[in-house]
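# Structural overview for review
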Amino acid sequence: MRKIEVVLSDERLITPSGLFMVGQAMAKSDLIKKAARMRTDKRSQPQIKNGDILLTEIGMLTLGKTDFDYVNEFHKDEEYYKMSLGIACSTALG
């Protein structure tokens, strides 16, 4: 697993760096594991785990995005978002 280095500075950054902290908190929680085990009958993309969908939505809410459609903005650096939140599926971000 790749590591993310957190560096303190006086520079003001407005970035999605908080996702890493949320991802670490969710990794310690049973919530995502329980969601991944839940079964759903009808889904357009059943290969995406419920836990990955939940992590994506939590990440969106962390950034103040209340509509799931905003997930398309994150295709520019998809690898960072998946790594930060611990999302396993390659198609979870859209």
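Residues numbered from 1 in each chain as written. Predicted model: local features only at pLDDT ≥ 70, side-chain atom pairs only at ≥ 80, totals over all residues. Heavy atoms only, no water.

## Observations regarding the overall build of the protein chain
Condition: Secondary structure elements are taken from DSSP: a helix is a run of H or I of four residues or more, a strand is a run of E of two residues or more, and numbering for both begins at the N terminus. Summary of the burial criterion: residues with accessible area below 20% of their type's maximum are buried, those above 50% are exposed, and those between are partly exposed, where the area comes from a 1.4 Å probe applied to protein chains only. Two residues qualify as a contact provided that any one of their heavy atoms is within 4.5 Å of a heavy atom in the partner residue.
Looking only at helices and strands, the protein chain has 4 helices and 0 strands in total. Ordered by position from N to C terminus, the α and β elements of the protein chain give α-α-α-α. Classification of the 94 residues of the protein chain by burial places 28% in the buried group. Look at the contacts in the protein chain between residues 6 or more apart in sequence, and 51% of them connect residues 24 or more apart.

## With respect to the confidence of the model for the protein chain
This is how it is decided: pLDDT: the predictor's confidence for each residue, scored from 0 to 100.
Considering every residue of the protein chain, the mean pLDDT works out to 78; 86% of them sit at 70 or more. Confidence, read as mean pLDDT per element, is least for helix H4 (residues 78-85) in the protein chain (79) and greatest for helix H3 (residues 50-62) (85).

## Comments concerning the packing of helix H1 (residues 18-28) against H3
Here is the rule we go by: Only the stretch in contact is used when a helix axis is fitted, and all axes are lines through C-alpha atoms; the angle between N-to-C directions ranges over 0 to 180 degrees. Orientation categories follow fixed angle ranges, with anything under 35 degrees roughly parallel, anything over 145 roughly antiparallel, 65 to 115 roughly perpendicular, and all other angles oblique. A crossing counts as left-handed when the near helix is turned anticlockwise from the far one by less than a right angle, and as right-handed when that turn is clockwise. Only Asp, Glu, Lys and Arg are considered charged, only Ala, Val, Leu, Ile, Met, Phe, Trp, Tyr, Cys and Pro nonpolar, and every remaining residue, Gly among them, polar.
In contact at an axis separation of 10 Å, H1 and H3 are set at 140 degrees when each is read in the N-to-C sense. Judged by the angle between their axes, H1 and H3 are oblique. Helix-helix and strand crossings are classified by hand; for H1 and H3 the assignment is right-handed. Across the interface between the two elements, Gly18, Leu19, Val22 and Met26 of H1 pack against Leu55, Ile58, Gly59 and Thr62 of H3. When its residues are assigned to classes, the contact of H1 with H3 shows 5 nonpolar, 3 polar and no charged.

## Regarding the packing of aromatic side chains
Aromatic ring pairs: the centre-centre distance and the angle between the two ring planes describe each pair. Under the convention used in this document: Between rings of Phe, Tyr and Trp, where Trp is taken as its six-membered ring, a pair exists when centres lie within 6.5 Å; planes separated by under 30 degrees are stacked, by over 60 edge-to-face, and by other angles tilted. The rule is short: NZ of Lys or CZ of Arg within 6 Å of the ring centre and within 35 degrees of the ring normal puts a charge over the ring.
In total, this model carries 0 aromatic pairs according to the counting rule given. In this structure, lysine 65 is placed above the aromatic ring of tyrosine 70, and the distance from its NZ or CZ to the ring centre is 5.0 Å.

## Overview of H3
Where we set the bar: To estimate the expected span of a helix, count its residues, drop one, and scale the result by 1.5 Å.
In this model, H3 (13 residues) spans 18 Å end to end at C-alpha, consistent with the 18 Å of a helix rising 1.5 Å per residue. Burial in H3 covers these residues: Asn50, Gly51, Asp52, Leu55, Thr56, Ile58, Gly59 and Met60. Within two residues after H3, glycine 64 carries a phi angle of roughly 80 degrees, on the positive side.

## Structural notes on the nonpolar core
For the record, the criterion: Buried Ala, Val, Leu, Ile, Met, Phe, Trp, Tyr and Cys residues form a nonpolar core when they are joined through side-chain atoms within 4.5 Å.
The biggest cluster of nonpolar side chains holds 12 residues, and these are Leu19, Met26, Ile32, Leu55, Ile58, Met60, Val71, Phe74, Tyr80, Tyr81, Leu85 and Ile87. Looking at this core, the elements with two or more residues in it are H1, H3 and H4. Once residues lying within four places of it in the same chain are set aside, the contact partners of isoleucine 32 are Met26, Gly51, Leu54, Leu55 and Ile58.

## Focus on the side chain of asparagine 50
Operational definition: Counted as a polar contact is a pair of N or O atoms within 3.5 Å, where, for protein atoms, one must be capable of donating a hydrogen and the other of accepting one, and residues adjacent in sequence contribute only when both atoms are in side chains.
Along the chain, the position of asparagine 50 falls in helix H3. A polar side-chain atom of asparagine 50 sits 2.8 Å from the main-chain carbonyl oxygen of methionine 38. Excluding residues within four positions of it along the chain, asparagine 50 makes contact with Ala35, Ala36, Met38, Arg39, Thr40 and Arg43.

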